Every structure is written in C-alpha cells, then in structure tokens.
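Below are the chains, spelled out letter by letter.
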Amino acid sequence: MNKKKIINDPVYGFITIPSELIFDLVSHPYFQRLRYIKQLGMTHLVYPGALHTRFHHALGAMHLMSLAIEVLRGKGHEISVEEEESATIAILLHDVGHGPFSHALEHSLVKDIRHEDISMQIMEKLNVEFEGRLDMAISIFRGEYRKQFLHQLISSQLDLDRMDYLNRDSFFTGVSEGVISFDRIIKMFNLADGHLVIEEKGIYSIEKFLIARRLMYWQVYLHKTVISGEQLLVKILKRAKELAGNGVSLFATPALSHFLENELSAANFFADPIHLEQFTRLDDQDIFTSVKVWQDNGDRILALLCRMLVSRNLYKTEITNTAPDPDRIQRLLDHAMITYKISAEEAAYFVFTDQISNRAYHISGGGSTISILMKNLDILDIAKASDLANLKSLDKTVRKHILCYPTII
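The rules behind these values
Residues numbered from 1 in each chain as written. Predicted model: local features only at pLDDT ≥ 70, side-chain atom pairs only at ≥ 80, totals over all residues. Heavy atoms only, no water. Helix = DSSP H or I, 4+ residues; strand = E, 2+ residues; numbered from the N terminus. Rg over C-alpha atoms; globule rule 2.2 N^0.38 Å. Buried < 20%, exposed > 50% of the residue type's maximum accessible area, 1.4 Å probe, protein only. Contact = heavy atoms within 4.5 Å. Areas by Shrake-Rupley, 256 points an atom, 1.4 Å probe, with all protein chains shown as cover. Lys, Arg positive; Asp, Glu negative; His and termini not counted. Charge placed at Lys NZ, Arg CZ, Asp CG, Glu CD. Pairing = 2+ DSSP bridges. Axes fitted to C-alpha atoms, helices over the stretch in contact; angles between N-to-C directions. Polar contact = N/O pair within 3.5 Å; in protein donor to acceptor, adjacent residues only side chain to side chain. Core = buried A, V, L, I, M, F, W, Y, C linked by side-chain atoms within 4.5 Å. Phe/Tyr/Trp six-rings, centres within 6.5 Å; stacked < 30°, edge-to-face > 60°. Lys NZ or Arg CZ within 6 Å of the ring centre and 35° of its normal. Expected span 1.5 Å × (residues − 1). Salt bridge = Lys/Arg side-chain N within 4 Å of Asp/Glu carboxyl O.

Caption draft 1: Expanded view of the overall build of the protein. The helix and strand inventory of the protein stands at 20 helices and nine strands. For 409 residues, the compact-globule estimate of 2.2 N^0.38 gives 22 Å, and the protein sits close to it at 23 Å. By principal-axis analysis of the C-alpha atoms, the protein measures approximately 70 × 55 × 35 Å. Out of the 409 residues belonging to the protein, those deemed buried represent 55%. Of the contacts formed within the protein by residues at least 6 apart in sequence, a portion of 71% connects residues at least 24 apart. Roughly 18100 Å² of accessible area belongs to the protein as shown, and the carbon and sulfur atoms make up 51% of that amount. Across the protein, the 45 positively charged side chains and the 51 negatively charged ones have centroids separated by 5 Å.

Caption draft 2: Geometry of the sheet that holds strand 4 (residues 195-199). One open sheet holds the four strands; their spatial order is 3-4-7-8, and the pairing between them is mixed. The strands lining the two open edges of the sheet, one partner per strand, are strand 3 (189-192) and strand 8 (379-381). Pairs of neighbouring strands in the sheet enclose a mean axial angle of 50 degrees, with direction left out of account. Note that strand 3 and strand 4 share four bridges and pair antiparallel. Within the sheet, the bridge partner assigned to Leu191 lies in strand 4 and is Leu196.

Caption draft 3: Inspection of the side chain of Arg168 at higher detail. In this structure, Arg168 sits in helix 9 (residues 160-173). Arg168 sits in the buried class, given a relative accessible area of 0%. In terms of polar contacts, Arg168 uses its side chain to reach the side chain of Asp9, at 3.0 Å. Once residues lying within four places of it in the same chain are set aside, the contact partners of Arg168 are Asp9, Val11, Tyr12, His52, His56, His57 and Gly60.

Caption draft 4: Geometry of the nonpolar core. Formed by 141 residues in total, the largest nonpolar core has its most connected members in Leu153, Leu160, Met163, Phe189 and Phe350. At eleven residues, the largest contribution of residues to this core is made by helix 3 (residues 54-74).

Caption draft 5: A look at the environment of Ile203. With respect to the helices and strands, Ile203 occurs in helix 11 (residues 203-221). Accessibility expressed as a relative area gives 7% for Ile203, which makes it buried. Each C-alpha atom, one on Ile203 and one on Gly13, is 27 Å from the other, the two residues being 190 residues apart in sequence.

Caption draft 6: Main features of unusual backbone geometry. Notably, Asp193 is not glycine yet its phi reads approximately 55 degrees, a positive angle. Relative to the helices and strands, Asp193 resides in the loop between strand 3 and strand 4. Here the phi dihedral of Lys341 falls at roughly 55 degrees; this positive angle occurs in a residue that is not glycine. For Lys341, the location among the structural elements is in the loop between helix 18 (326-340) and helix 19 (344-347).

Caption draft 7: Just the side chain of Asn358, in detail. With respect to the secondary-structure elements, Asn358 resides in strand 6 (residues 352-358). Excluding anything up to four places from it in sequence, Asn358 contacts Arg214, Tyr217, Trp218, Leu222, Lys396, Thr397 and Val398.

Caption draft 8: Main features of the packing of aromatic side chains. Counted under the stated rule, the structure contains eleven aromatic pairs. Ring geometry for Phe269 versus Phe270: centroids 5.0 Å apart, planes at 80 degrees, classification edge-to-face. What links up through ring pairs into an aromatic cluster is the set Phe259, Phe269, Phe270 and Phe279. Here the guanidinium or amino end of Arg35 rests over the ring plane of Phe55, the centre of that ring lying 4.0 Å away. When the ring centre of Trp218 is taken as reference, the NZ or CZ atom of Lys400 above it lies at 4.6 Å.

Caption draft 9: Molecular detail of the environment of Thr322. Inspection of the secondary structure puts Thr322 in the loop between strand 5 (316-320) and helix 18. What makes Thr322 exposed here is its relative accessible area of 56%. Here the alpha-carbon distance between Thr322 and Arg399, two residues 77 residues apart in the chain, equals 9.2 Å.

Caption draft 10: Molecular detail of helix 3. Between its first and last C-alpha atoms helix 3 spans 30 Å; for 21 residues at 1.5 Å apiece the expected length is 30 Å, and the two agree. Among the 21 residues of helix 3, 15 are classified as buried, and the element is accordingly described as predominantly covered.

Caption draft 11: Structural view of the pattern of salt bridges. Under the counting rule described, the total for this entry stands at 20 salt bridges. The salt bridge partner of Asp24 is Lys3, with a shortest N-O separation of 2.8 Å. Linking Asp24 in helix 1 (residues 20-27) with Lys3 in the segment before strand 1 (6-9), this pair joins segments that are 21 residues apart in sequence. Lys3 gets classed as buried once you look at its relative accessible area, which sits at 18%. The closest approach of N and O atoms between Arg239 and Glu242, which form a salt bridge, is 3.3 Å. Of this pair, Arg239 and Glu242 are both found in helix 12 (residues 224-245), three residues apart, which corresponds to roughly one turn of the helix.

Caption draft 12: The sheet that holds strand 9 (residues 398-405), seen in detail. Strand order in the open sheet formed by three strands is 5-9-6, and the pairing between neighbours is antiparallel. The sheet terminates laterally at strand 5 and strand 6, the two strands that pair on one side only. Geometrically, the sheet is characterised by an average inter-axis angle of 25 degrees between neighbouring strands, direction not taken into account. Direction of pairing for strand 5 relative to strand 9: antiparallel, over a ladder of five bridges. Bridge pairing links Glu318 to Leu403 in strand 9. Packed onto the sheet, helix 11 meets strand 6 and strand 9 and runs at close to 165 degrees relative to strand 6.

Take it as geometry only, folks, not as evidence of what the structure does.
Below you can see the structure in the form of structure tokens.
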C-alpha cells in the first residue's frame, strides 16, 4: 500500500505525509477522532466558517515542521532523518489529548487535567503499540532531548502550533487581523547555542505575530458571544453531572456517561486506563447529541439550558474592566428566580460572573522567550530588540470581568 499520501489543505495547498510511520499514526483511531472535534469549539456561533477541526490543525502544524527543518538544514544545522520524523510525530500528536469543546470540558467533566498530559499518555500508549518507535518523539515532546530547539518548535512562544492556529483560525473565521507571515518567520529561523532564534531581518514579522495573537484573542477566542456559548455548555455539563451524581438516568453515549457518573481528578484519571480509553472515544458528537436529547429532559433546568444552546438563545454577556455591581447581580438573580420560578441555587445556572485574561507575550518566559539574533551576533529578547514602543505592554496580563444572564431578564 502506498503510504506517501498528498493532502490538499485549504491554507497551505498540497502537503505530504512524509513517512509510513506517520501515515499509520494519522490512520490510527486516536488521531482520526480529531476529525470530529472542532478546533474552535463554540466560535462558529459568531463566525459561521469556523468549523475546521483539530485534525486540520495537526496536519497543518506537521507541514510547518517540515518547512522549518528544511530551512534549518539549509543553514548548515545537522538534523538526522530520525530526528526529523520524531519532531514531526511530536507536533502531529501535540493536541491528540484535546477533548470535545475542550475549555468547557475542562471546567466540568475533567477538571484540572491538562490536555498536554493526556496527549503524553496517548503518545506513550501508541509507543507501546508501535514497539518503541515513538521513543525519540516523546523525548522531544517532553523537552528532554538534547537538541532543545526541536522542543521549541513544538512548544514555545513562537512554536509551529501557534503559527498554524493563528493562520488557520484567521482563514476560517475571516478575521484578517490574525493573518501572519508564517513563511517569512520560518525562513528567518536559525540556531544559536542549540536554541531557536530569529534572524534580525525577521523582527517586524515577529512583532506582527505577537500583535496578531493579541487581537485574535480579543476578537475571536474571547469574543463575548463565544464566551457566552462556552459558559452555557459548561453549565449544561455541570447540571448533567450533578443529576447523574444524584442517580438520575440521563441519555448519553457510554463514553460521556463515564465522565458524568465518575468524579475524576488528575491523580485518579491516570491511575486507571479505563478513563483514558473512554476519553479517546469522546468527540463533539457525543456532547451535542446529548444536548439535543436533553432539551426534553424531565429536569427543567437542564432542559431550559439545552434549549437555549440549540436555539442559540445565549446568555447576554457583558465584559468590563471592573467587577460587576453586587447589588445588580442580586437583582438579576432575584429576577431569574421569579421568571423561571426556581430556587436561588438554581438561579446560579442563569446569572453568574467570571473572569477572562489575555497575555500575548511572557518576557520572563525563561527558555521559551523569543530571541533575536542580531547582525553583530548578539542575542536579544524581542521586547528589547524591537523599536515598537508598546511591545513590552504585551507582557501585561489583562484581566476582565464577565457577567452572564438570560436575555429575557
């Protein structure tokens, strides 16, 4: 069987699956699951084109890895065929541990369990299945391999993961502020003391990359309607889990039932392989099929929340720089209790506050900072090398308050 396949990607054009091992990993059910998990969760509620998947994103990041290694080899840096394949596997599988609607899931069903840790567990399981052929890929993914720049290409403040998702998300949402010069940035890649650096000529492309990331967070990822949709799904899953915990029988697939009925922490999630196995069977279809069925559930709160999501009758969401007035919050809660004829505890599903934050660049990010190789061979952090006055301000964590409540009150 010919495993050197060519894929027509809407962002980059034709991309190639470079080896038989990578083809087998792409074909594996763990990776194929990513076809059924949207990259941007609820963002399609605002930008209808945002229906691309984590499968698309992983293949795009894989393609960028091949471009990056070609550039570094062209500048005289030695990267073996095995190292290239392993780095490509590591970037390909970097998001394999994401669940459906990841941000909502991490606040309700799999609390305090990082998707990176789940990705690591899946890679180790695949390594057993593929008889140790992922050893180097796992070492690179963990940052333990001697050539640190390979890990930086996968996980840093200028990694190929961010480069692809900014490029891809701006393409599918139509938000032009997220467009970055990915090809220019990659061509400016170089190495110094075994670490990834950007040649001075690429400073302006890096500036645009950082600003684009900041704008995409406020305009797309943290858009108030996207937040509203995600918060609504969080409340739905929280209510469903509460009901399941009280012995109420709910319609759900076996995989979703497993997480509704079990209280899992990071410690016990990884202690028993059944949890990981059930997790690898979860995708968007499990969640949304259940939401559609729960519209007619006997529990009035769950049914109301699900009908709101299915009909896109989302929470009214206000984003402010200061905390909402407690008296106003109480008035909204009282109004919800009267409108829906529910208790104060139940009203908290409809009226609540939270916080969001955005930090485009971490100047104190240690080995993950963006280093510029100057013409005199000095190495400077991008914040010092840039003449853009407000670049240092991107290091500031901007926190905002959100208030959610139903439109009918």
